[in-house]
Amino acid sequence: MARRESTTHWNGGLNSGTGAITLDSSNTARFDVTFPRRVGEPEGTTSPEELIAAAQSSCLAMNLAGVLEKENLTPKTIDIAAAVTVEAADGGLSISTVDITLRADVDGVDADRFGQLAAAAKDTCPVSRALAGTTISMDAALAS
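Residues numbered from 1 in each chain as written. Predicted model: local features only at pLDDT ≥ 70, side-chain atom pairs only at ≥ 80, totals over all residues. Heavy atoms only, no water.

Observations regarding helix H2 (residues 48-70)
If you check H2, its first and last C-alpha atoms are 33 Å apart, about what 23 residues at 1.5 Å a residue would give, namely 33 Å. Buried within H2 are the following residues: Glu-49, Ala-53, Gln-56, Ser-57, Cys-59, Leu-60, Asn-63, Leu-64, Val-67 and Leu-68. Those residues of H2 that are buried are in contact with helix H1 (35-39), strand S4 (75-89), strand S5 (92-106), helix H3 (111-124), helix H4 (126-130) and strand S6 (135-142). Looking one or two residues beyond H2, the residue adopting positive phi is Asn-72, at roughly 60°. (Helix = DSSP H or I, 4+ residues; strand = E, 2+ residues; numbered from the N terminus. Expected span 1.5 Å × (residues − 1). Buried < 20%, exposed > 50% of the residue type's maximum accessible area, 1.4 Å probe, protein only. Contact = heavy atoms within 4.5 Å.)

Spelled out as structure tokens, the structure:
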């Protein structure tokens, strides 16, 4: 159906080098990356993990809207925060967890049913599926 493309240009070694990520399909953004900023404070640069967090939160928001609509529910708002944790593992790095906080304002559904629908949305989200080897936790609730 859809194919999206991005490129990265890298100069130098791991710790002293720098790179730039370009979102080629949309041509909407260019992001600087460095390894020290990846594992330390970002200081104006992004990381693969931050981009995964963005992909997870945006994908889940769209997927939840679709799951709700199939139940004849229309969300007023959906707010999702995703935090991706990267840790040292096996001589390199590994994404160990994705922690999601989801809040939504949806009329006509109780908290229990909303929790079931949110879990279904998480489990069928394409990004969640792509991260199947990673622990993905979610705190989902209706907005008060």
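Back to the text.
What about the sheet that holds strand S1 (residues 6-11)?
If you trace the three strands from one edge of the open sheet to the other, you get S1-S2-S3, paired in antiparallel fashion. Where the open sheet ends on each side, the last strands, each with one partner, are S1 and strand S3 (30-33). Sheet twist, expressed as the average angle between the axes of neighbouring strands with direction ignored, equals 20°. Two strands pair when backbone bridges link them, and S1 and strand S2 (residues 18-23) are joined in this way by six bridges, in the antiparallel orientation. Each bridged residue has a counterpart across the sheet, and for Trp-10 the counterpart in S2 is Gly-19. (Pairing = 2+ DSSP bridges. Axes fitted to C-alpha atoms, helices over the stretch in contact; angles between N-to-C directions.)

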